[in-house]
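# Observations on chain architecture
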Amino acid sequence: MNPFTLILGCWILIIGWPPLYLAGAAAEANGTASAGRMESFVFTNSVVFPGTRHECWVYVPAATAAVSPAALLVFQDGETYLKPTGTAVPGWLERLFTEGGLEPAVALFINPGEIAEDGKPAGRVKSDRSREYDSLGKRYALFLLEDLIPQITNRFALNVSEDPRKRVLVGRGSGGTCAFTAAWERPNFFGGVICQDGEFVNIRGGDAYPDWIRRTEPKPIRVYLEARKDDADSASGRRWRANQDLMHALNSMGYDLRWREVGDSPGSGEAGQVLGDAIRWVLRSDPAGKAEEGRPRHSESSVAALVPNTGLTNEWEQVVERMGRTWAPCSDAEGNLYFNNQNFDTSLIYRLEHDQKFPTVWLARMPKIQDMEFGADGWLYAAVQGASRGSNSTNSGRIIAINPTNQVVETIVTNVEPWAITVSPAGWIYFTEYRSNLLGGVPARGRDLARPRMQAAGDSTPLGLALSPDGRQLVVCSQNGFAAQAWTVQDDGSLQGLGKWLNLRSNPDASSAFAYAVNSDVTGRWWLLSEAGLEIFEPDGTPFGLISRPWVPGSSLARQQATNGVLRSVTRPTVSPLSMAFTFAGPDHSWLYVCTGDRIHRRRTSSQGFATVAGKR
């Protein structure tokens, strides 16, 4: 036997047909001549899923050289989309390019990860598919953004578009759930989803999506949703019904959606044609988020009616940047924004009018301020952690009052470590102590008071706190647990615990869910800034909806990644630093202002915060 033939036969037997054959065979089967190239590699350097091995293929049509940057298609269970007996994607893509129905696009095919089994013989692996595909949350999106996409763009010198409308995720079954989840978590990076027979049943929590969609402001995702009537009916749920529930939820919130019912499993030719039509529809040039004519819009009672939404990837407006660490936002009676810039153990307090482009220093050379709020008397109250630089004071922390007229600073109470404060209409200041897990209260009119009697704050590590508009209920955020605590304010200013009150949104496999800051609006709704975003609750604690946190467009982080034993620098996109403070300000206090690292973003709402100052409540 010819040695070359023997080697080729062994190669095919062990690893299957080379990817280039798959591309060529697919193109030939569909009457096209593939001029593109197929690259294959094994990715083993994942930071998000350490210890995994992913087989990957990248298909680059020749025509992409004339289109820069090119669209990006990402296929989960990638090998199934390459086989000539399946959808044979490269051939269909070439056909779409040739017919002029689609701009050339780079296609990335990813197999689920494999992990070596402990205690098993060398070479024995187990699939990581369910963990990667069925789990909710941001991990798979980060795997694509931080691990894999930088890998292919750097390794193969590819210029792929950063426009979310030109980044599409594709998958079938659990791969379809995975595609939807990644776009749901990072809609500013992935704006298109093709989901075929998605597993939106209770495997790892996918059945939660219909409710989440209805309670979350619409995201700029274009969704092609396909389901089979004869699909599986198992202990986890009926996939056909689950996909219908998802379709109705997306439709009710005005998503750009196409729904397709499939009676039986299609043959390979029909499947390729259907997928080609889906790709063409998702990548069409209509504005993102534009619903088809005649489609119902969201209910006027939904969260989407509470905040203006134009279908853009970032509804937030950046108003402040390069300010060090912005912190402790609050507003006066006129809606002017105040915030501080923490620099080691000192702070500058800034003031920003709504129509100003740049903030002005309102008070300098302040100690490290952790939180601020105006009281009904018009004074600004602040929580101070530690002594100011150069001071001989041994006080570990204090709460101060600042006269807005002459900016004289007076001390209310010493020997405390306040993390956050809120001021009641009756003139009480309530504060949390993060380290000691305590909650306290002092009269705002007091001066140079000793440490007050403190009480346990319920769950450990209390953070932000806020009062209801009538001042009769206090809500305290906690870093541990899955809910915020509620307290009743007694006539004498004392607090009576009500227990857990506002159940925060979390993924089914999350170990915790917590909020950093809380405010209430004039209707009595509670707004909490959590890991999930801005979560909104009705006055009685019923979940109302969720608003996404601001994103910082175009930012990136660089890190070192090993490739074939060689360290190289890669750039990955990232979201803004985790938001931990916000307030209502602006005209009528109808704008949300959120601190995002060295920046501040704002967004208009159809609600209003309330001001304690000048009796406005």
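Just above sits the structure.
Residues numbered from 1 in each chain as written. Predicted model: local features only at pLDDT ≥ 70, side-chain atom pairs only at ≥ 80, totals over all residues. Heavy atoms only, no water.

## Some thoughts on the overall build of the chain
For clarity, the cut-off: Segments assigned H or I by DSSP are reported as helices when at least four residues long, segments assigned E as strands when at least two residues long, and all are numbered from the N terminus. The contact rule is simple, with two residues in contact once any of their heavy atoms fall within 4.5 Å. Method for areas: the Shrake-Rupley scheme with a 1.4 Å probe, in which residue coverage is limited to the protein chains shown.
A count of helices and strands for the chain gives nine helices and 38 strands. Pairs at least 24 apart in sequence give 60% of the contacts found in the chain among residues at least 6 apart. Of the roughly 25700 Å² of accessible surface on the chain, 49% is carried by carbon and sulfur atoms.

## Comments concerning the pattern of salt bridges
Counted only if it meets this: Any Lys or Arg side-chain nitrogen located within 4 Å of an Asp or Glu carboxyl oxygen qualifies as a salt bridge. Throughout this description, buried means an accessible area under 20% of the type-specific maximum (1.4 Å probe, protein chains only), exposed means over 50%, and partly exposed covers the range between.
Under the counting rule described, the total for this entry stands at 24 salt bridges. Residue Asp 197 is joined to Arg 172 by a salt bridge in which the shortest nitrogen-to-oxygen separation is 2.9 Å. Taken together, the residues Asp 197 in the loop between β8 (192-196) and α7 (209-214) and Arg 172 in strand β7 (residues 167-172) connect sequence positions 25 residues apart. Between Glu 433 and Arg 451 there is a salt bridge, and its shortest N-O distance comes to 2.8 Å. Placement of the pair is Glu 433 in strand β23 (residues 428-433) and Arg 451 in the loop between β24 (438-443) and β25 (455-456), with a sequence separation of 18 residues. Residue class for Glu 433 comes out buried when judged on its relative accessible area of 3%.

## What about the packing of aromatic side chains?
To keep it simple, the criterion reads: Working definition: rings of Phe, Tyr and Trp (its six-membered ring) pair if their centres are within 6.5 Å, and the pair is stacked with planes under 30 degrees apart, edge-to-face with planes over 60 apart, and tilted otherwise. The criterion for a charge sitting over a ring is simple: Lys NZ or Arg CZ within 6 Å of the ring centre, and within 35 degrees of the ring normal.
Here the structure, examined in full by the defined rule, presents 23 aromatic pairs. On the basis of an interplanar angle of 45 degrees and a centroid distance of 6.5 Å, the ring pair of Phe 49 and Tyr 140 is categorised as tilted. Taken together, the positions of Phe 49 in the loop between β1 (37-43) and β2 (54-60) and Tyr 140 in helix α5 (residues 139-155) put the pair 91 residues apart, joining distant regions of the chain. With respect to burial, Phe 49 and Tyr 140 carry one shared label: buried. Here the aromatic rings of Phe 200 and Tyr 209 are separated by 6.1 Å at their centres, their planes lie at 75 degrees, and the arrangement is edge-to-face. Through pairs of rings, three or more aromatic residues link up here, namely Phe 43, Phe 49, Tyr 133, Tyr 140 and Phe 143. When the ring centre of Trp 184 is taken as origin, the NZ or CZ atom of Lys 219, which lies over that ring, is 3.9 Å away.

## Things to note about the sheet that holds β25
Applied cut-off: When DSSP finds two or more bridges between a pair of strands, those strands are recorded as paired.
Read from one edge of the open sheet, four strands run β22-β23-β24-β25, paired in antiparallel fashion. Single-partner strands in this sheet number two, and they are β22 (420-423) and β25.

## Overview of the environment of Leu 592
Inspection of the secondary structure puts Leu 592 in strand β37 (residues 591-596). Look at Leu 592 and you get buried, because its relative accessible area is 0%. Residues Leu 592 and Arg 603 lie 11 residues apart in sequence; the distance between their C-alpha atoms is 5.2 Å.

## Regarding helix α8 (residues 239-252)
Note the threshold: Helices are assigned an expected span. That span is 1.5 Å times one less than the residue count.
For α8, with 14 residues, the first-to-last C-alpha span of 20 Å sits near the 20 Å given by 1.5 Å per residue. By the criterion of burial, α8 is predominantly enclosed, with 10 of the 14 residues buried. Three or more residues of α8 are buried, namely Arg 239, Trp 240, Ala 242, Asn 243, Gln 244, Leu 246, Met 247, Ala 249, Leu 250 and Ser 252. Where the residues of α8 are buried, they touch α6 (174-185), α7, β9 (222-228), β11 (237-238) and β12 (256-262). Once α8 ends, the next one or two residues include Gly 254, with phi positive near 75 degrees.

## A short note on the pairing of β2
With six of its seven residues buried, β2 lies for the most part within the structure. For β1 and β2, the ladder comprises seven bridges, and the chain directions are antiparallel. Residue Ser 40 lies in a different strand from β2, and its bridge partner there is Trp 57. Relative to strand β4 (residues 105-110), β2 is paired through four bridges, and the arrangement is antiparallel. By the bridge assignment for β4, Tyr 59 is matched with Ala 107.

## A closer look at the side chain of Ser 46
Within the secondary structure, Ser 46 is located in the loop between β1 and β2. Excluding its chain neighbours within four sequence positions, the residues that come into contact with Ser 46 are Thr 52, Phe 143 and Asp 147.

## So, unusual backbone geometry
Its identity is not glycine, yet Ala 157 carries a phi of approximately 55 degrees, on the positive side. Its location among the elements puts Ala 157 in the loop between α5 and β7. Positive phi values are uncommon outside glycine, yet Asn 415 reaches one of about 60 degrees. Of note, Asn 415 is situated in the loop between β21 (409-414) and β22.

## Observations regarding the pairing of β21
Where strand β20 (residues 397-402) meets β21, five bridges bridge the pair, whose relative direction is antiparallel. Bridging across to β21, Ala 401 finds its partner in Glu 410. Here β20 folds back onto β21, and the loop between the two strands holds six residues, one of which, Gln 407, carries a positive phi near 60 degrees.

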